[in-house]
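Residue-level structural notes
Chain residues, written in single-letter form:
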Amino acid sequence: MCARKTPTYCDARSPPSTSEGASLMLTVDGISVRFGGITALDGVAFTVEPGTAVGLIGPNGAGKTTLFNCLTRRCTPDAGTVRFDDEDLLALPPHSVAGRGIARTFQNLGLFPRLTVRENVMVGAHSRGRTGHFAAALRLPRVRREERELRDQAEDSLRRLGLADVADHPASGLPFGTLKRVELARALAARPRLLLLDEPVNGLSHGEVDAFADLVRAVREDFDLTLVVVEHHMGFVMGLCGKVVCLDFGRKIAEGPPEEIQRDPAVIEAYLGVAA
């Protein structure tokens, strides 16, 4: 077994205990991922309760995005379990994840540049579609009815995120801060219960970060969302999340409230190093 730093608040191999009778939306237990000789994640475990916001922090290469890819089934771990509402998430095919109520944004924007803002958001809404290919090809009445409902939901997301004025503009050519909101609107159009935000304020100015934080708080309340947030901007994470999990070299080194994580010696060492 590899040597590891001693976590301050809980064992890195075990999910933290919750109060008796508390429900869990997401349980990550012992997730390990290896790429050839590189261990990207090593026994990571934590839990997420409904209605909470959990921050996932760590230096570059700590395994944060790899963990997100496991949660959305873009990556299959070598060991461990992931349960969402007590269902085995790893047993699902990737295309079924959104239908279970999980959506994500991407560190590098995953928008379609030639599509309009509205069309990009509709991509998220279509993940909730229930009509099959045959019915869609025939344009049956239920297909047209579902299309109207999904369009209405997409329009609602556009209005809530202040994007109605650019709805017919191609995604290419829009300011980066606007594209971040488009990405969020697309995720919300899927009507998720669990939203995974992968570096949502990366590349934004100080003022844009504050505005985006206010926006996330508003949509979290409006949509009754549970959040897991990967972000390097500590002010954003500490102001939004009630619990923070810190990874370093694929292992969990600390977990706890933001004010405790900021003082944790293992976290400080992971980010700043120690004197020789």
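Quick look at the structure, then. Just so you know, these numbers come straight off a predicted model, no measurement behind them.

Right, let's talk about the pattern of salt bridges for a bit. Applying the stated criterion across every chain yields a total of 15 salt bridges. Its salt-bridge partner being Arg100, residue Glu87 comes within 3.0 Å of it at the nearest N-O pair. One end of the pair, Glu87, is in strand β5 (residues 87-88); the other, Arg100, is in the loop between β5 and β6 (102-104), with 13 residues separating them in the sequence. Accessibility expressed as a relative area gives 29% for Glu87, which makes it partly exposed. Two residues, Asp214 and Arg217, come together in a salt bridge whose shortest N-O distance is 3.0 Å. Remark: Arg217 and Asp214 occur in helix α6 (residues 206-223); sequence separation between them is 3 residues, near one turn of the helix. The exposure class of Asp214 is partly exposed, given its relative accessible area of 49%. Through salt bridges with shared partners, a single ionic network connects Asp156, Arg159, Arg160, Arg191 and Asp222.

Membership of the largest hydrophobic core comes to 51 residues, with the highest contact counts inside it found for Leu184, Leu195 and Phe236. Mapped onto the domain boundaries, this core takes at least three residues apiece from domain 1 (23-101 + 192-275) and domain 2 (113-190). The contacts of Leu195, once residues within four sequence positions are left out, are Ala103, Arg104, Leu184, Ala187, Leu188, Leu225, Thr226, Leu227 and Val228. Formed by 31 residues, the second largest nonpolar core is a distinct cluster that contains Val28, Leu41, Val44 and Val54.

What follows concerns a nonpolar patch on the surface. A cluster of nonpolar residues, Phe112, Leu115 and Val123, forms a patch on the protein surface that exposes about 220 Å² of accessible area. Within the element layout of this structure, Leu115 appears in the loop between β6 and α2 (117-126). Note on Leu115: relative accessible area 30%, which makes it partly exposed.

On to the sheet that holds β5. Sheet architecture is open: 4 strands sit in the order β2-β1-β4-β5, paired in antiparallel fashion. Each having just a single partner strand, β2 (38-48) and β5 make up the two edges of the open sheet. One ladder, built from 2 bridges, connects strand β4 (residues 79-84) with β5; its direction is antiparallel. Paired with Phe84 across the strands is Glu87, a residue of β5. Along the sheet face, helix α1 (residues 64-71) touches β1 (26-35), β2 and β4 and points at about 115° away from the line of β1.

With that settled, the discussion passes to the packing of helix α5 (residues 176-189) against α6. Two numbers describe how α5 lies on α6: the axes approach to 12 Å, and their chain directions differ by 15°. Taken together, the axis directions place α5 and α6 in an arrangement best described as roughly parallel. For the pair α5 and α6, the crossing hand works out as right-handed. Seen from α5, the contacting residues are Gly177, Lys180, Arg181, Leu184 and Leu188; seen from α6, they are Glu208, Phe212, Leu215, Val216, Val219 and Phe223. Partitioned by chemical class, the residues of the contact of α5 with α6 number 7 nonpolar, 1 polar and 3 charged.

The element strand β8 (residues 226-230) is largely enclosed, with a buried count of 5 among its 5 residues. Neither face of β8 is exposed, since Thr226, Val228 and Val230 on one face and Leu227 and Val229 on the opposite face are all buried. When strand β3 (residues 53-57) meets β8, the two strands line up parallel, connected through 4 bridges. Paired with Val54 across the two strands is Val228, which belongs to β8. Direction of pairing for strand β7 (residues 194-198) relative to β8: parallel, over a ladder of 5 bridges.

What follows is about the side chain of Arg118. Tracing the backbone shows Arg118 in helix α2. Owing to a relative accessible area of 16%, Arg118 belongs among the buried residues under this scheme. Of the polar contacts made by the side chain of Arg118, one reaches the side chain of Asp168; its length is 2.2 Å. Not counting residues within four places of it along the chain, the set of residues in contact with Arg118 comprises Arg151, Glu155, Leu158, Ala167 and Asp168.

Rules and cut-offs
Residues numbered from 1 in each chain as written. Predicted model: local features only at pLDDT ≥ 70, side-chain atom pairs only at ≥ 80, totals over all residues. Heavy atoms only, no water. Salt bridge = Lys/Arg side-chain N within 4 Å of Asp/Glu carboxyl O. Helix = DSSP H or I, 4+ residues; strand = E, 2+ residues; numbered from the N terminus. Buried < 20%, exposed > 50% of the residue type's maximum accessible area, 1.4 Å probe, protein only. Core = buried A, V, L, I, M, F, W, Y, C linked by side-chain atoms within 4.5 Å. Domains from an automatic or database assignment. Contact = heavy atoms within 4.5 Å. Patch = residues over 30% accessible without salt bridge, like charges linked within 9 Å, V, L, I, M, F, W, Y side chains within 5 Å. Areas by Shrake-Rupley, 256 points an atom, 1.4 Å probe, with all protein chains shown as cover. Pairing = 2+ DSSP bridges. Axes fitted to C-alpha atoms, helices over the stretch in contact; angles between N-to-C directions. Parallel < 35°, antiparallel > 145°, perpendicular 65-115°, else oblique. Left-handed = near helix turned anticlockwise from the far one by under 90°. Nonpolar A, V, L, I, M, F, W, Y, C, P; charged D, E, K, R; others polar. Polar contact = N/O pair within 3.5 Å; in protein donor to acceptor, adjacent residues only side chain to side chain.

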